[in-house]
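What follows is each chain in one-letter form.
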Amino acid sequence: MNENKYVASDSRYDKMQYRRCGVSGIKLPAISLGLWHNFGSIDEYDNYSRIAFGAFDMGITHFDLANNYGPNPGTAEENFGRILRAGLGVYRDELIISTKAGYTMWQGPYGDWGSRKYLMASLDQSLRRMGLEYVDIFYHHRPDPDTPLEESMGALSDIVRQGKALYAGISNYGPEQTLRAVEILRRNGTPCLIHQVKYSMFVRTPEEGLTDVLGREGVGMIAFSPLAQGLLTDRYLDGIPEGSRAARGVGFLKSSQVTPQAVAKARALNEIARERGQSLAQMAVAWLLRDERTTSVLVGASSVGQLENNLGALNNISFTAEELEKIDGILHG
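Residues numbered from 1 in each chain as written. Predicted model: local features only at pLDDT ≥ 70, side-chain atom pairs only at ≥ 80, totals over all residues. Heavy atoms only, no water.

Visitor: A description of unusual backbone geometry should follow, citing residues and the corresponding values.
Guide: A cis amide bond links G70 to the next residue, P71, at an omega of -10 degrees. Summarising the element assignment, P71 is placed in the loop between β4 (62-64) and α2 (75-85). Note that the residue after P71, namely N72, is joined by a cis bond; omega there is -10 degrees. Its location among the elements puts N72 in the loop between β4 and α2. Positive phi values are uncommon outside glycine, yet S225 reaches one of about 55 degrees. For S225, the location among the structural elements is in the loop between β9 (220-224) and α7 (245-248). Not every positive phi belongs to a glycine, and Q229 is a case in point at roughly 60 degrees. With relative accessibility at 24%, the residue Q229 sits in the partly exposed group. (Helix = DSSP H or I, 4+ residues; strand = E, 2+ residues; numbered from the N terminus. Buried < 20%, exposed > 50% of the residue type's maximum accessible area, 1.4 Å probe, protein only.)

Right under this line is the structure:
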């Protein structure tokens with residue numbers, strides 16, 4: 001696809017569902033696009049631009065990045081800047097663009113964790129890479145055990161006041177940390193909009209108090225890794241296929257995670273999905289969206305077709321009590 005040629009589909013809002021983010025005025029698409037993978041320096045512009053343009057044509061208005069996404073770190077933001085210049089940026093007022101800082105980004109004592117210095121410098125770099133004046137959401141990507149939470153949250157509040165971000169968010173915080181962060185941000189006059197958390201059928205840690213905190217405090221929740229790095233798809237139902245990321249030892253899914261127990265659970269879940277008329281991936285996304293506290297589910301995609309398949313989850317996000325009981329029995333078995 002040639003740059004500067006993209007024109008969005010007139011029907012882009014016809015099928016997507018939008019959910020209110022906590023008690024804010026913002027709605028997010030039920031499925032958002034994460035640029036964690038497939039948008040870095042090793043990826044092809046023609047493919048990742050098609051994914052981004054296709055996503056917006058399907059009503060996905062939220063694009064999620066972080067300073068260190070790539071590889072190499074920073075290249076996902078640079079490449080998203082190319083996509084914006086190639087036509088998506090014409091629709092800036094229809095987009096929710098988020099980025100984060102909290103993991104290692106540059107050498108020295110100021111390129112990691114949660115100091116005011118790091119958070120503010122990182123966002124300035126991110127804005128330059130993407131060619132933006134502001135992002136819609138800026139997250140602290142992970143809690144910093146050595147920096148006072150008041151400093152990290154104070155930096156987020158000041159970033160919002162400066163107009164470099166419209167909303168503040170946090171990611172990977174536990175329940176007690178989340179409650180403290182929410183309280184500090186509220187005192188600062190910049191409510192916490194959203195928490196980005198690792199959550200799937202195979203990773204249910206948020207249910208140990210976090211979802212209750214978010215629901216009670218009126219904070220939105222967006223789930224990342226909803227497919228457990230591919231385990232909750234049909235890709236590993238027969239073990240580790242040749243050429244997969246797990247087989248090659250790249251990415252975050254390791255061959256050691258594709259255990260006989262995990263494969264057996266995925267196969268059993270796949271049977272329930274088949275009975276529901278869904279793929280396993282679609283059911284995994286729908287399972288997260290069944291909870292009204294889930295604002296959105298972040299999915300990655302290596303092709304437009306894969307993204308379209310994931311959006312098929314929206315055709316059925318209701319579960320019977322019997323289905324949920326069967327799913328819990330499999331997961332806890």
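Visitor: Provide a residue-level description of the environment of I96, including the pertinent values.
Guide: One can find I96 in strand β5 (residues 96-101). In the structure, I96 is positioned 43 residues away from Y139 in sequence and 13 Å away in space, judged by C-alpha atoms. If sequence neighbours within four positions are ignored, I96 has contacts with I26, L28, T61, H62, F63, D136 and I137. (Contact = heavy atoms within 4.5 Å.)

Visitor: Got a sec to walk through the pairing of strand β6 (residues 135-140)? Specific residues and values, please.
Guide: Within β6, 6 of the 6 residues are buried, which leaves the element mostly enclosed by the surrounding structure. Where β5 and β6 come together, 4 bridges link them in parallel fashion. Directly across from T99, in β6, lies its bridge partner F138. Once the chain exits β5 it traverses helix α3 (residues 116-130) before rejoining the sheet at β6, and the crossover so formed is right-handed. Pairing analysis gives 5 bridges linking β6 to strand β7 (residues 165-171), with the strands arranged parallel. Opposite V135, over in β7, you have A165 as the bridge partner. Taken together, β6, helix α4 (residues 149-161) and β7 form a β-α-β motif whose crossover is right-handed. (Pairing = 2+ DSSP bridges. Right-handed = clockwise from strand over helix to strand, strands pointing away.)

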